[in-house]
Amino acid sequence: MATTRSSRTEKLPNLQNGGLPESSEPYDVIIIGAGAAGLMCAREAGKRDRRVLLLEQAAKPGEKIRISGGGRCNFTNIYASDFQGGMMPYLSQNPRFCISALKRYRPEDFIALVDSYGIAWHEKTLGQLFCDESSKQIIDMLLTECRIADVTLQTETTVDYIEKRDGLFHLSTTRGDFTSPALVIATGGPSIPKMGASPFGYRIAEQFGLNVIPPRPALVPLTFSGPLKDKLATLAGVSVNAEVQFGKTVFRDALLFTHRGLSGPAILQISSYWREGRPIRINMAPDTDITAMLREAKESHPRQELATILAEYLPRRLARFICEESGISGRLADLSHKKLDHVARMIQDWQVLPNGTEGYRTAEVTLGGVDTDELSSRTFECKKIKGLYFIGEVVDVTGHLGGYNFQWAWASGHACGQAV
């Protein structure tokens, strides 16, 4: 059942982007990247009386927060810190790395913060929580928290050069030069480059000799080529509840046909596991034994057309596509059990070979990133470089669709902010 929380509402002021304080003193902490993880880290460090400088290259902070969840921000998932059995909802070379932070800052902790600002929210399927109104409420909440913590935010700032000497990180930027004994990289991955995303964080990691797991797009639509692409394009806009499988991994959710191939939550989820050159398997009627249904229909309604009976279980355009693609149509009475079984297999065990994905342009997140073996799972400090931290999406931790990646950003930012 959907859950809603609402009480007072108010328009929260934005943190002002004024000039930086004139001082040659180093900041206690410099954070690069004012996204979800960076804002949370800045808030926590500032609450501990650290002098924090938060740098953002975009004109506004939290742009990925703004566009998330269709503009309503799927800000967490109630199961994001639940690791009891079932599928691990985070992918990484070391899937257990994320557990420490996620158990110390849980979904209920972020929900309590949201509730304290009177932001109304609701629960959708599978534990996904969304704002009732706008994702901007989450951004305003975090900016207000940073303002209360005396964080200095500077947007439209590009970092040109970083080096460490004499125990300090020296940054040369388009807004001047700054120093700090602690530097936090919260720049995310290259997914959705139109929002300013880039591989900047990976370059910094490599500059300091850290291993980076090769990144690739995740939670991304799959594409096809050749005749199959043209055939699927005729179904663009058709959606069906489906089970999608790659290897032993299975997701059940909506599947959407597009002009380029397949999308929808089920496809986005499986894309994080899919590997090029290998097919996926799709069951487009997971609640029905299509083989048994067709055989029974042949006995009870032999004069019925195959496409007509299929349209009772599938969208009409998809039912026609199945008949055309299988080359089987006509009255049930005229079709052998072998032909009906072939149609059933196409519906419930359809194997298709994607040629790729839509890439970083539409990928919601990035797989891979800074190797977790290089970092402390408690503080996110580099084991080799004292004072250098990596948090959020730039790290080799990627969650499932549905609020898991935001919870990772809150949890990793909170853990780091408690340590810097």
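Before reading further, recall that the structure is shown in the block above.
Residues numbered from 1 in each chain as written. Predicted model: local features only at pLDDT ≥ 70, side-chain atom pairs only at ≥ 80, totals over all residues. Heavy atoms only, no water.

Chemist: Looking at this model, I keep getting lost on the pairing of strand 16 (residues 249-257). Mind explaining?
Modeler: As a general feature of sheets, a regular strand has side chains that alternate between the two faces. The pairing of strand 15 (residues 239-246) with strand 16 spans eight bridges and is classified as antiparallel. Following the sheet pairing, A242 is matched in strand 16 by D253. Hairpin connection from strand 15 to strand 16: two residues lie between these consecutive antiparallel strands, with G247 at a positive phi of about 60°. Of the pairings in the sheet, the one linking strand 16 to strand 17 (residues 261-263) comprises two bridges and is antiparallel in character. Paired with F257 across the strands is L262, a residue of strand 17. Two successive antiparallel strands, strand 16 and strand 17, enclose a turn made up of three residues. (Pairing = 2+ DSSP bridges. Helix = DSSP H or I, 4+ residues; strand = E, 2+ residues; numbered from the N terminus.)

Chemist: Would you mind showing me how to read the packing of aromatic side chains here?
Modeler: Here the distance between the centres and the angle between the planes together describe a pair of aromatic rings. Inspection of the entire model under this criterion finds twelve aromatic pairs. Aromatic side chains F110 and W410 sit 4.2 Å apart centroid to centroid with 5° between the ring planes, which places their arrangement in the stacked category. Remark: W410 occurs in helix 13 (residues 404-417) and F110 occurs in helix 4 (residues 107-116); sequence separation between them is 300 residues. In this structure, R51 is placed above the aromatic ring of Y27, and the distance from its NZ or CZ to the ring centre is 4.1 Å. The ring of F130 is capped by K124, whose NZ or CZ atom sits 4.5 Å from the centre of that ring. (Phe/Tyr/Trp six-rings, centres within 6.5 Å; stacked < 30°, edge-to-face > 60°. Lys NZ or Arg CZ within 6 Å of the ring centre and 35° of its normal.)

Chemist: For this particular structure, what's the right way to read the side chain of N283?
Modeler: Within the secondary structure, N283 sits in strand 18 (residues 280-283). Here the side chain of N283 touches Q348 through a polar contact of 3.4 Å, side chain to side chain. With near-sequence residues (within four places) excluded, N283 lies in contact with N241, A242, E243, I347 and Q348. (Polar contact = N/O pair within 3.5 Å; in protein donor to acceptor, adjacent residues only side chain to side chain. Contact = heavy atoms within 4.5 Å.)

Chemist: Honestly, the packing of helix 1 (residues 36-47) against helix 13 in this entry has me stumped. Any pointers?
Modeler: A pair of packed helices can be characterised by two numbers: the angle between their axes and the separation between those axes. Packing of helix 1 against helix 13 leaves a shortest axis separation of 7 Å and a crossing angle of 30°. The pairing of helix 1 with helix 13 is recorded here as roughly parallel in orientation. In this structure, the crossing between helix 1 and helix 13 has a hand that is right-handed. Contacts between helix 1 and helix 13 involve A36, A37, M40, C41, E44 and A45 from the former and F406, A409, W410, S412, G413, H414, C416 and G417 from the latter. Taken together, the residues that form the contact of helix 1 with helix 13 break down as nine nonpolar, four polar and one charged. (Axes fitted to C-alpha atoms, helices over the stretch in contact; angles between N-to-C directions. Parallel < 35°, antiparallel > 145°, perpendicular 65-115°, else oblique. Left-handed = near helix turned anticlockwise from the far one by under 90°. Nonpolar A, V, L, I, M, F, W, Y, C, P; charged D, E, K, R; others polar.)

Chemist: Would you explain the pattern of salt bridges in this entry?
Modeler: Side chains that differ in charge, positive against negative, can pair when their charged atoms come close. Taken as a whole and judged by the stated rule, the model has 16 salt bridges. Between E63 and R66 there is a salt bridge, with the nearest N and O atoms lying 3.0 Å from each other. Placement of the pair is E63 and R66 together in helix 2 (residues 63-67), with a separation of three residues, close to one helical turn. Judged by its relative accessible area of 39%, R66 is partly exposed. Here R295 and D341 are joined by a salt bridge, their closest N and O atoms 2.6 Å apart. Highlighted residues: R295 in helix 9 (residues 290-300) and D341 in helix 12 (residues 337-348), separated in sequence by 46 residues. Overall, D341 belongs to the buried group, its relative accessible area being 16%. In this structure, a network of salt bridges that share partners links the residues R43, E44, K47 and E145. (Salt bridge = Lys/Arg side-chain N within 4 Å of Asp/Glu carboxyl O. Buried < 20%, exposed > 50% of the residue type's maximum accessible area, 1.4 Å probe, protein only.)

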